[in-house]
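Commentary on secondary and tertiary structure
The chain contents come next:
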Amino acid sequence: MSAKPWRDVIAVDDLERNWVTRVQLGDRLIAIYDTPSGIHASLALCNHGGADLCDGYFDGHVIECPLHQGAFDVRDGRPVAAPATRPMRIFETRVQDGMVQLRI
Ligand code: FES
């Protein structure tokens, strides 16, 4: 099975610095996180109740959901605060020619 292709999603210069940026990709909303360890990405909608994580609070590597304050580590998707209990869906990222790319 071949790996998914890399897709351009947003210019690095258009990211909110040290924060989360919402991107629409087809019918999916994606959250792009600018962090001290690089750029990370996940589905934007929380897997607990469907809130938009891009409206949440972002602190370094943790995104806190705006609805019930569940939280996830954006580096590996693992839940770090209840009521979030399942890992969020994350995507492999890289930067190429000033563009953030996702394998999606
Ligand atoms: S919708 Fe995100 S924690 Fe409930």
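Please read these numbers as outputs of a predicted model, since none were measured by experiment. (Residues numbered from 1 in each chain as written. Predicted model: local features only at pLDDT ≥ 70, side-chain atom pairs only at ≥ 80, totals over all residues.)

1. Observations concerning the nonpolar core
Applicable threshold: A set of buried residues drawn from Ala, Val, Leu, Ile, Met, Phe, Trp, Tyr and Cys, joined through C-beta atoms within 7 Å, is what defines a nonpolar core. Any residue surrounded by 20 or more other C-beta atoms within 10 Å of its C-beta is treated as buried, while 12 or fewer makes it exposed and the intermediate range makes it partly exposed; C-beta atoms here are placed from the backbone. By definition, any uninterrupted DSSP run of H or I lasting at least four residues is a helix, any uninterrupted run of E lasting at least two residues is a strand, and each is numbered from the N terminus. We call two residues in contact when the distance between their C-beta atoms, placed using the backbone, is within 7 Å.
If you look at the biggest cluster of nonpolar residues, it comprises 24 residues, and the most contacted ones within it are Val20, Ala31, Ile32, Tyr33, Ala41, Leu53 and Ile63. Sorting the residues of this core by element identifies β3 (28-35), β4 (38-43), β7 (71-73), β9 (90-91) and β11 (99-103) as the ones contributing at least two each. Among the elements that make up this core, the one with the highest residue count is β3 (four residues). For Ile63, the contacting residues outside a window of four places in its chain are Val20, Tyr33, Leu53, Gly56, Phe58, Ala71, Phe72 and Val74.

2. A few points about the pairing of β11
A regular strand places its side chains so that they alternate between the two faces of the sheet. Keep this limit in mind: One requirement defines pairing of two strands: DSSP has to find at least two bridges between them.
Alignment of strand β1 (residues 6-11) against β11, held across five bridges, turns out to be antiparallel. Bridge pairing in β11 links Arg7 to Leu102. Bridge count between strand β10 (residues 93-96) and β11: four bridges; the pairing is antiparallel. Bridge pairing in β11 places Thr93 opposite Leu102. Two successive antiparallel strands, β10 and β11, enclose a turn made up of two residues, where Asp97 displays a positive phi of approximately 50°.

3. Things to note about the sheet that holds β9
As summarised here, the arrangement of the four strands in space is β2-β3-β4-β9, forming an open sheet in which the pairing is antiparallel. One side of each edge strand has no neighbouring strand; the edge strands of this open sheet are β2 (20-25) and β9. Relative to β4, β3 runs antiparallel, the two sharing six bridges. Among the inter-strand pairings, Tyr33 is bridged to a residue of β4, identified as His40.

4. Re the environment of Gln24
You can see Gln24 is positioned in strand β2. C-beta crowding within 10 Å serves as the criterion here: with 10 such atoms nearby, Gln24 is assigned to the exposed category. C-alpha separation for the pair Gln24 and Val9, spaced 15 residues apart in sequence, amounts to 8.5 Å.

5. Here's the deal with the sheet that holds β11
Keep this limit in mind: Whenever a helix is involved, its axis is fitted only over the stretch in contact; in every case the axis is a line through C-alpha atoms, and angles between N-to-C directions fall within 0 to 180 degrees.
If you trace the three strands from one edge of the open sheet to the other, you get β1-β11-β10, paired in antiparallel fashion. Both edges of this open sheet fall to β1 and β10, since each of them pairs with a single strand only. Across the sheet, the mean angle separating the axes of adjacent strands is 35° when strand polarity is ignored.

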